[in-house]
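# A closer look at the structure
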Amino acid sequence: MKTETRENIREIHPKVMYYGTPVVLLNTLNEDGTTNISPISSSWALGKNIILGIGLGGKAIENLERHKECTINLPDPSLWEKVEKLASYTGKVEVPDIKKEIGFSYMKDKFHAAGFTAVESKTVIPQRIQECPIQIEAKVNHIRIPEYDPFFAIVETEAIHFHASETILKNENYIDPANWSPLIYNFRHYFGLGNELGKTFRA
């Protein structure tokens, strides 16, 4: 069998580096007590902590700075069209010029715009999204704006409650990876997971 080589690797300069990360629908609290939904694609988890990368100038970071609670909703691939319906909307009444130039417009009720159903959370105020198989209630522990790139914030959150659809559960407290597939944002295209290749020794 011929071994695949990487001899034709070369340096490039891509405009974006979304090399395949799960889509997150981040729900935050508006001033009037309603919930805003912001699709984001920069997140990672370490223990009970989930780190979010959020662009400045949008409603999500504005809300988190004022009210340090959120829900982190993970859609599966079947929801990509609903997610995309939110892509060109912002929760800011005065749309920032940089967003206006690329086609963003204001939308107050994003649940209605995407066809999502709001569900009350257990302890945090921002609502969850019923259609998402995984819904995490979280509190914000720290927000940092890097000196080297003042256009985004690194938000450290701590999971308080983890909700999951029974359709993806295995035993009582385990997600069955054979039944769960996150929606992947891959260089501005939506993908689901492919076939399982194997598992780590800790699985």
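Structure report, in brief. (Residues numbered from 1 in each chain as written. Predicted model: local features only at pLDDT ≥ 70, side-chain atom pairs only at ≥ 80, totals over all residues. Heavy atoms only, no water.)

## Description of the sheet that holds strand β4 (residues 43-46)
- One open sheet holds the seven strands; their spatial order is β3-β2-β6-β11-β12-β5-β4, and the pairing between them is antiparallel. Each edge of the open sheet carries a strand with a single partner, namely β3 (35-40) and β4. Here the average twist between neighbouring strands, direction ignored, is 30 degrees.
- In terms of strand pairing, strand β6 (residues 69-74) meets strand β11 (residues 134-144) through six bridges, oriented antiparallel. When the sheet's bridge partners are listed, I72 is paired in β11 with I136.
- Helix-sheet contacts for helix α1 (residues 59-66) involve β2 (24-29), β3, β5 (49-55), β6, β11 and β12 (152-164), and the interaxial angle to β2 is about 45 degrees. (Pairing = 2+ DSSP bridges. Helix = DSSP H or I, 4+ residues; strand = E, 2+ residues; numbered from the N terminus. Axes fitted to C-alpha atoms, helices over the stretch in contact; angles between N-to-C directions. Contact = heavy atoms within 4.5 Å.)

## Some words on the sheet that holds strand β1 (residues 19-22)
- Ordered by their spatial adjacency, three strands build an open sheet running β1-β15-β16, and the pairing between neighbours is antiparallel. The open sheet is flanked by β1 and β16 (189-191), the only strands paired with a single partner. This sheet shows a mean twist of 30 degrees between the axes of neighbouring strands, independent of strand direction.

## Here's the deal with the pattern of salt bridges
- The tally for this structure, following the rule as stated, stands at seven salt bridges.
- Of the charged contacts in the structure, one is a salt bridge between K59 and E31, with a shortest N-O distance of 2.9 Å. Taken as a pair, K59 in helix α1 and E31 in the loop between β2 and β3 lie far apart in primary sequence, 28 residues in all.
- Here E31 falls in the exposed class, since its relative accessible area comes to 52%. (Salt bridge = Lys/Arg side-chain N within 4 Å of Asp/Glu carboxyl O. Buried < 20%, exposed > 50% of the residue type's maximum accessible area, 1.4 Å probe, protein only.)

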